[in-house]
Amino acid sequence: MAAEAPPPSKEQHKLPTPEEFTEVQESAEFGELRRSYRSFAFPLTIAFIVWYLLYVLLSNYAGDFMGTKLFGNINVALVFGVLQFVTTFLIAWWYSRHAAAELDPKAEAIKTRMEGGA
């Protein structure tokens with residue numbers, strides 16, 4: 001599936017000065033963008049690391065539990081291992097939705113203003 005991004009614009013944008021970058025970085029709008037990103041990314045990253053470490057620790061120290069057969073040759077360790085992949089893809093999907101709905105519009109507004117479009 002190809003990306004549906006518009007082709008690059010042919011018009012020239014003014015390049016912001018270092019002072020303008022500093023001004024934007026210190027603005028409330030940029031602070032809100034940063035808070036939106038951090039309030040999503042940091043807790044989810046911590047949760048995933050804890051989930052991964054739980055899997056590793058259980059694999060190392062709870063061999064009997066992880067070896068418990070659920071059905072056929074499928075045991076708890078295999079299910080947890082597959083769930084690691086599932087949660088990775090779910091987090092990536094969730095983040096892409098969050099970024100498209102919350103982060104991208106705010107970032108685009110800042111970018112447009114810096115390039116002289118507003």
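Up top is the structure these notes are about.
Residues numbered from 1 in each chain as written. Predicted model: local features only at pLDDT ≥ 70, side-chain atom pairs only at ≥ 80, totals over all residues. Heavy atoms only, no water.

(A) Layout of the pattern of salt bridges. Inspection of every chain in the model, using the stated rule, returns 3 salt bridges. As a salt-bridge pair, Glu29 and Arg113 come within 2.4 Å of each other at their nearest N and O atoms. With Glu29 in helix H2 (residues 28–61) and Arg113 in helix H4 (residues 76–114), this pair connects stretches of sequence that are 84 residues apart. Taking the shortest distance from any N to any O, the salt bridge between Lys106 and Glu32 comes out at 3.4 Å. With Lys106 in helix H4 and Glu32 in helix H2, this residue pair connects regions lying 74 residues apart in the sequence. It is possible to trace a salt-bridge network through shared partners that takes in Glu32, Arg35 and Lys106. (Salt bridge = Lys/Arg side-chain N within 4 Å of Asp/Glu carboxyl O. Helix = DSSP H or I, 4+ residues; strand = E, 2+ residues; numbered from the N terminus.)

(B) Spatial organisation of the packing of H2 against H4. Here H2 crosses H4 at 175°, and the two axes come no closer than 10 Å. Regarding the angle of H2 to H4, the classification is roughly antiparallel. Residues that form the contact of H2 with H4 fall into these classes: 20 nonpolar, 6 polar and 4 charged. (Axes fitted to C-alpha atoms, helices over the stretch in contact; angles between N-to-C directions. Parallel < 35°, antiparallel > 145°, perpendicular 65-115°, else oblique. Nonpolar A, V, L, I, M, F, W, Y, C, P; charged D, E, K, R; others polar.)

(C) Structural detail: the side chain of Ser36. Positionally, Ser36 belongs in helix H2. Separated by 2.8 Å, the side chains of Ser36 and Lys106 make a polar contact. Leave out the neighbours within four places in its chain, and Ser36 touches His98, Leu103 and Lys106. (Polar contact = N/O pair within 3.5 Å; in protein donor to acceptor, adjacent residues only side chain to side chain. Contact = heavy atoms within 4.5 Å.)

(D) Looking closely at the nonpolar core. Val24, Leu33, Ala99, Leu103, Ile110 and Met114 form the largest nonpolar core, which has 6 residues in total. It is H4 that contributes the most residues to this core, 4 residues altogether. Residues in contact with Leu33, not counting those within four places in the same chain, are Leu103, Lys106, Ala107 and Ile110. One finds Leu58, Ala62, Val76 and Phe80 within the second-largest nonpolar core, a separate group that totals 5 residues. (Core = buried A, V, L, I, M, F, W, Y, C linked by side-chain atoms within 4.5 Å. Buried < 20%, exposed > 50% of the residue type's maximum accessible area, 1.4 Å probe, protein only.)

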